[in-house]
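Breakdown of the fold
Each chain, letter by letter, is given below.
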Amino acid sequence: MIISRAATLRGKFVLPKWKKPARLLSSTFCRTIFMSRPAMSMAEEKEVKITGLHLRGTEDEPLFENRVAKSHLPRALTSENAIDLLRSIDAFLFDCDGVLWKGNNLIDGVPEALEALRSMGKKLLFVTNDSTKSRRQSAHKFHALGLDVRQEEIFSSSFAAAMYLKLNNFPHDKKVYVIGEEGILEELELAGYTSIGGPEDGKKTIQLRPNFLFEHDKNVCYSLYLPGCLFIATNRDTVGHFTGVQEWPAAGCMVAAICESVQKEPIIVGKPSTFMMDFLLERYQIDTSKMCMIGDRLDTDILFGKNAGCKTLLVLSGHTTLSRLMDPLNSIQPDYYTDIVSDIISLCAE
Ligand SMILES: [Mg+2]
């Protein structure tokens, strides 16, 4: 039986054996629960209700969300463990927004940190859920901010969407309707696919009032209900930074609206899904125990790294605050956390 992540968070389960549930649920969220639970006899088996992110034991059991959190508290990056981390890691995977920059503002020390890591012979890869840009367009942003990054080192969710279709032999004579930006159209074209929709549809008008005007392509709206139509989401991020100081609704908001409308769950190709990681591992043949994922979001970046068995480092320069990280209800714990990404280098120099 396979339970989707959404069902895991919302549902109610009766677990038959505490020591053998890993095959039921694959998310790190769940593995954290199972591994932290002490071994129990059959007579002690309990029913556990999972409602939202609240985990409760039965009345004679202490609240076990507290035990989960305490047993997996992340460690602050220090001069000692930063050196150990650098020695043990061959490849660093970076999220971008909130880690390297916020909007168009570079975060302090990023160019120097990337240069230092390269000089140590570390492989650097940049994994972003930003699907508004193609890899070429993302490389342009890196260069505009003074970061020396090659296009081949960038893995965007727009690229992942195109690769998903290609690796699953999606017929080239079929069309792809895009609710999104130019970056997805460009990656689809590079992969040999014809797309419709995209930014052009942004010019269409919807007015909800008496005698309203609703411009839409009737074929596109209908197709999502057809059994054979793939519904692919580049990511489900709830917010993003379009400027250095403002958070705006991101792709996840539109995905949620469509999910409700068509009563269908999408195939996610960006973080935290395993598709992008599998693609990277196939291409670079890197041992995941020698990789470190650095990100500012727990539910995408950190979960993405943990699902693959990578070391994980949360930076507090973006989406996640220290209080949100330390909240007893938070079940996604990185190995380490620190303020900004350049701490990896500066702490080693202390
Ligand atoms: Mg981010």
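This structure is a prediction, so every number in the text was calculated from the model and none was measured.

1. Side note on the overall build of the chain
In terms of regular secondary structure, the chain is built from 14 helices and 18 strands. The long-range fraction of contacts in the chain, counting pairs at least 24 apart against all pairs at least 6 apart in sequence, stands at 62%.

2. Here we look at unusual backbone geometry
Residues apart from glycine generally show negative phi values, whereas peptide bonds are mostly found in trans. Cis geometry is adopted by the peptide bond preceding P272, which originates at K271 and carries an omega value of 5 degrees. Summarising the element assignment, P272 is placed in the loop between β15 (267-268) and α11 (274-284). Backbone geometry at Q285 places phi at a positive 55 degrees, although glycine is not the residue there. Tracing the chain through its elements places Q285 in the loop between α11 and β16 (291-295). Of the residues examined, Q285 has 7 C-beta atoms within 10 Å and is grouped as exposed.

3. Concerning α11
Within α11, burial applies to M276, M277 and L280. For α11, the arc enclosing every buried residue in end-on projection is 95 degrees, short of the 170-degree limit, so these residues lie on one face. Exposed side of α11, more than 90 degrees from the buried face: D278 and E282 are the residues found there. The inward-facing, buried residues of α11 contact β8 (123-128), β9 (154-156), α7 (157-167) and α12 (298-308). Positive backbone phi, at 55 degrees, marks Q285, one or two positions downstream of α11.

4. Examining α12
Counting buried positions along α12 yields ten of eleven residues, so the element is predominantly enclosed. All of the buried residues in α12 are L298, T300, D301, I302, L303, F304, G305, K306, N307 and A308.

5. Focus on the packing of α7 against helix α8 (residues 182-190)
Where α7 contacts α8, the axes come no closer than 8 Å and their chain directions differ by 35 degrees. Along this stretch, α7 crosses α8, giving a crossing that reads as right-handed. The segment α7 lies against α8, with S158, F159, A161 and A162 engaging G183, I184, E187, L188 and L190. Across the contact of α7 with α8, the residue classes break down as six nonpolar, two polar and one charged.

6. Focus on the sheet that holds strand β18 (residues 336-338)
Pairing is parallel in the open sheet, where seven strands are placed in the order β4-β18-β17-β16-β5-β8-β9. This sheet does not close on itself; its edge strands, each paired only once, are β4 (75-76) and β9. With four bridges joining them, strand β5 (residues 91-94) and β16 adopt parallel strand pairing. Of the residues in β16, the one forming a bridge with F94 is I294.

7. Quick look at the pairing of β16
Of all five residues that make up β16, five are buried, and the element is covered over most of its length. Neither face of β16 is left uncovered, since the one carrying M291, M293 and G295 and the one carrying C292 and I294 both have all their residues buried. Sheet topology note: the β16/strand β17 (residues 311-315) ladder contains four bridges and is parallel. Directly across from G295, in β17, lies its bridge partner L314. For the crossover that starts at β16, traverses α12 and ends in the parallel β17, the hand is right-handed.

8. Concerning the nonpolar core
Counting residues in hydrophobic clusters, the biggest one holds 61 residues, and the most contacted among them are L93, F94, F155, C292, I294, L313 and V341. The greatest single-element share of this core, amounting to six residues, is contributed by α7.

9. Some details on the pairing of strand β11 (residues 194-197)
The pairing of strand β10 (residues 175-178) with β11 spans four bridges and is parallel. Residue pairing for β11: Y177 is matched across the bridge by I196. Each parallel crossover has a hand, and the one from β10 via α8 to β11 is right-handed.

10. With respect to the confidence of the model for the chain
Chain-level pLDDT for the chain is 79 on average; 77% of the residues reach the 70-or-more range. Every residue in residues 1-71 scores below 50 in pLDDT, and together they form 69 contacts with partners more than four places removed in sequence or on other chains.

11. A closer look at the environment of C292
Of note, C292 is situated in strand β16. On the neighbour-count criterion, C292 (25 C-beta atoms within 10 Å) is buried. As for C292 and L124, which are separated by 168 residues in sequence, their C-alpha atoms are 10.0 Å apart. With sequence-adjacent residues up to four places away left out, C292 is seen in contact with L85, I89, F92, L93, C310, K311, T312 and L313.

12. A short note on the environment of R297
As for its position among the elements, R297 is in the loop between β16 and α12. Linking R297 and L314, residues 17 residues apart in sequence, is a C-alpha distance of 7.3 Å. Residues within four places of R297 in sequence aside, it is in contact with H319 and T320.

Calculation criteria
Residues numbered from 1 in each chain as written. Predicted model: local features only at pLDDT ≥ 70, side-chain atom pairs only at ≥ 80, totals over all residues. Helix = DSSP H or I, 4+ residues; strand = E, 2+ residues; numbered from the N terminus. Contact = placed C-beta atoms within 7 Å. Buried ≥ 20, exposed ≤ 12 C-beta atoms within 10 Å, placed from the backbone. Arc of directions from axis to C-beta. Axes fitted to C-alpha atoms, helices over the stretch in contact; angles between N-to-C directions. Left-handed = near helix turned anticlockwise from the far one by under 90°. Nonpolar A, V, L, I, M, F, W, Y, C, P; charged D, E, K, R; others polar. Pairing = 2+ DSSP bridges. Right-handed = clockwise from strand over helix to strand, strands pointing away. Core = buried A, V, L, I, M, F, W, Y, C linked by C-beta atoms within 7 Å. pLDDT = per-residue confidence, 0-100.

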